[in-house]
Amino acid sequence: MNAYSIKELLSSPPLQKEVVINGWVKTFRSNRFIALNDGSTLSNVQCVVDFDKFEENLLKQIATGAAIRVTGTLVESQGRGQSVEIQASEIFIHGTADPETYPIQPKKHSMEFLREQAHLRVRTNTFAAVMRVRSALAFAVHQYFQQNGFYYFHAPIITGSDAEGAGEMFRVTTLDEKTPPLDESGEVDYKSDFFGKETNLTVSGQLEAESYAMGLGKVYTFGPTFRAENSNTSRHLAEFWMIEPEVAFADLDDNMDLAEDFIKSIINYILKNCEEDLSFLEKRLLDEEKTKPQAERSDMPLIEKLKFVADNEFKRVSYTDAIDILRNSKPNKKKKFQYLINEWGADLQSEHERYLVEKHFKCPVILFDYPANIKAFYMRLNEDGKTVRAMDILFPGIGEIVGGSQREERLEVLRNKIKALDIDEKELWWYLDLRRFGTAKHSGFGLGFERMVQFATGMGNIRDVIPFPRTPQNAEF
Ligand code: 4AD
Ligand code: MG
């Protein structure tokens, strides 16, 4: 007999039929009711055990966390809380879990505790719901781009270039760490390293995606990226997934349109396909909010917030206008910001981004045309000679969720920029070639996938939306 998943079983219940399900025991009440979950869906199936029919030795092995197989008849349930239940005729123990040592007990555990049990935390309702939504979002990303004429492009993970120019990279080497070969000047000689040069884990697939956009037209990457920034915040990971579309013949307005349409589309996908998990996460968040002071509570329940973002236009504001708003804002005048905004050119901190989104505009905001000197080298210089065609999308509760730009497609302008920033032109020879041979305007952006999952699930800490988070001083598992 074929085993059902609980999701299949509940979606069209084969009443009065004999069924088999496998799963992990959530609870075993009164030696009679097993709540079984197999991860396919949030709901458990109740299995009713007539204890006269089973050996006491077997019943003793049924405890929270044990993996079991239940065979029995599916019937309408008399009890509250479920529509159907299984009257067990046979129970097989795949594997027991000792209640003395199994860490995931049927009670509320703190997020911090569960991070230490990251290999088992997906057996909690919260993490299972978050990871199912994460999976659905990933599918929605591919679906959106595939349906809109984009090709999935696999950017290399090991690279010699620092796309963002921030120098926050993890080195990849096979040199002996104690006695690396040295060159004449006493520096480590990377010529004898595996790749014959210094290499790192990629911080972004953008530069390579540009090369492919200038041949395939519209491409996107969706892969892991790595940043060795020592940021211990609820928004930063050292290993995170990024989605980077790149479009030939597109300018910054096209880029903003694409980003907004894309984000709305993936939010709509989960609203349609993850109802049960989102309702659960919304309720979880409401419970959590009750413990917070009024001022810190979110003014919208999760699903309403998702619908709000999907249904309303993002506000587009130039950096220059945003600086004016911030300079004249209450927290700036009352010196409440940690970093006061005094003049044009200041880099925006997350306190400023969140003020704009949460207090001033009260909706997602796209900021564009930033000062050239606070943005990466590849962004297109505007006519004013001091701003670049950059855009960041800011989200409530998250801050920056997208960073993107129109790229500098003019060879000489790009070379001057590279020179001014003291970047070695030889390192970027192939990137400059794209401006030598058939150059054209083009644009793209990067969406931080975990920040998107955070927004979609309402989870407060980015460490709780990726299976095994990598952060400073932490790479367990
Ligand atoms: O703004 P960033 O650095 O932009 C780029 O990397 C461009 N090359 C993208 C492009 O134009 N193709 O990063 C893009 C997004 C950020 O907006 C943020 O959502 C996310 O990636 N991000 C991080 N997410 C988690 N942890 C970190 N340490 C992150 N750094 C950036
Ligand atoms: Mg950025």
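Our structure is the block above this text.
Residues numbered from 1 in each chain as written. Chains lettered and ligands numbered in written order. Predicted model: local features only at pLDDT ≥ 70, side-chain atom pairs only at ≥ 80, totals over all residues. Heavy atoms only, no water.

Caption draft 1: Quick peek at the sheet that holds strand E17 (residues 442-448). Pairing within the open sheet is mixed, and its eight strands lie in the order E7-E11-E12-E17-E16-E15-E14-E13. Strands at the two margins of the open sheet, each flanked by one partner only, are strand E7 (151-152) and strand E13 (315-318). The pairing of strand E16 (residues 399-406) with E17 spans five bridges and is classified as antiparallel. Bridging from a neighbouring strand, Gly403 pairs with Gly446 of E17. This element, helix H5 (residues 206-216), spans E7, strand E11 (218-226), strand E12 (239-248) and E17 of the sheet and lies at about 30° to E12. (Pairing = 2+ DSSP bridges. Helix = DSSP H or I, 4+ residues; strand = E, 2+ residues; numbered from the N terminus. Contact = heavy atoms within 4.5 Å. Axes fitted to C-alpha atoms, helices over the stretch in contact; angles between N-to-C directions.)

Caption draft 2: Layout of the sheet that holds strand E9 (residues 171-172). Taken in spatial order, the three strands line up as E8-E10-E9 in an open sheet, and their pairing is antiparallel. The open sheet has two free edges, formed respectively by strand E8 (158-159) and E9, since each of these has just one partner strand.

Caption draft 3: Broad picture of helix H8 (residues 302-311). Among the residues making up H8, those that are buried are Leu302, Ile303, Lys305, Leu306, Val309 and Ala310. End-on, the buried residues of H8 take up no more than an arc of 160°, which puts them together on one face. (Buried < 20%, exposed > 50% of the residue type's maximum accessible area, 1.4 Å probe, protein only. Arc of directions from axis to C-beta.)

Caption draft 4: Structural view of the site of ligand 1. Taken together, 24 residues form the shell around ligand 1, and within it Glu164, Gln206, Arg227, Glu244 and Glu400 come nearest. Take Glu244: an N or O atom from its side chain is 2.7 Å from a nitrogen atom of ligand 1. At 3.4 Å, a backbone N or O of Gly403 approaches an oxygen atom of ligand 1. When ligand 1 is considered free in solution it has 630 Å² of accessible area, and contact with the protein chains removes 94% of it. Of all the secondary-structure elements, those providing two or more residues to the shell around ligand 1 are E12, E16 and E17. Of the residues belonging to the shell around ligand 1, the class tally is eight nonpolar, eight polar and eight charged. (Near = heavy atom within 4 Å. Polar contact = N/O pair within 3.5 Å; in protein donor to acceptor, adjacent residues only side chain to side chain. Areas by Shrake-Rupley, 256 points an atom, 1.4 Å probe, with all protein chains shown as cover. Nonpolar A, V, L, I, M, F, W, Y, C, P; charged D, E, K, R; others polar.)

Caption draft 5: The packing of aromatic side chains, seen in detail. Taken as a whole, this structure holds 21 aromatic pairs when the rule is applied. On the basis of an interplanar angle of 70° and a centroid distance of 4.8 Å, the ring pair of Phe194 and Phe195 is categorised as edge-to-face. Owing to a relative accessible area of 61%, Phe194 belongs among the exposed residues under this scheme. Feature note: the residues Tyr144, Phe145, Phe150, Tyr152, Tyr220, Phe262 and Phe445 constitute an aromatic cluster, connected by ring pairs. (Phe/Tyr/Trp six-rings, centres within 6.5 Å; stacked < 30°, edge-to-face > 60°.)

Caption draft 6: Examining the side chain of Ser161 more closely. Among the structural elements, Ser161 can be located in the loop between E8 and E9. Beyond its immediate stretch of four places on either side in the chain, Ser161 contacts Met169, Leu207 and Glu208.

Caption draft 7: Molecular detail of the nonpolar core. Counting residues in hydrophobic clusters, the biggest one holds 67 residues, and the most contacted among them are Phe262, Ile263, Ile270, Met391 and Ile393. Among the domains, domain 1 (6-106) and domain 2 (123-159 + 211-464) are the pair contributing at least three residues each to this core. Sequence-distant contacts of Ile270, that is, excluding residues within four places in its chain, are made with Val133, Ala136, Leu137, Glu275, Leu278, Leu306 and Ala456. Within the second largest apolar cluster, 35 residues are counted, among which are Val317, Phe337, Ile341 and Val365. (Core = buried A, V, L, I, M, F, W, Y, C linked by side-chain atoms within 4.5 Å. Domains from an automatic or database assignment.)

Caption draft 8: Geometry of the packing of helix H9 (residues 319-327) against helix H11 (residues 350-361). At a minimum axis distance of 11 Å, the contact between H9 and H11 shows a crossing angle of 80°. One finds that H9 runs roughly perpendicular with respect to H11. For the pair formed by H9 and H11, the contact residues are Ala322, Ile325 and Leu326 on the first element and His352, Tyr355, Leu356, His360 and Phe361 on the second. (Parallel < 35°, antiparallel > 145°, perpendicular 65-115°, else oblique.)

Caption draft 9: A look at the pattern of salt bridges. With the rule as written, the count across this model stands at 24 salt bridges. For Glu210, the salt bridge goes to Arg407, with nearest N and O atoms at 4.0 Å. Of this pair, Glu210 sits in helix H5 while Arg407 is found in the loop between E16 and helix H12 (411-420), placing the two residues 197 residues apart along the sequence. Across the pair, exposure class does not vary: Glu210 and Arg407 are buried alike. A salt bridge links Arg327 to Asp324; its shortest N-O distance comes to 3.0 Å. Within this pair, Arg327 and its partner Asp324 are both found in helix H9, separated by three residues, close to a single helical turn. Residue classification places Asp324 among the partly exposed positions, given a relative accessible area of 35%. (Salt bridge = Lys/Arg side-chain N within 4 Å of Asp/Glu carboxyl O.)

Caption draft 10: Layout of the side chain of Ser329. Within the secondary structure layout, Ser329 lies in the loop between H9 and helix H10 (330-333). A polar contact of 2.7 Å, which involves the side chain of Ser329, links it to the backbone oxygen of Leu326. Aside from chain neighbours lying at most four places away, what touches Ser329 is Phe337 and Tyr355.

Such coordinate-based values are descriptive only and should not be taken to indicate function.
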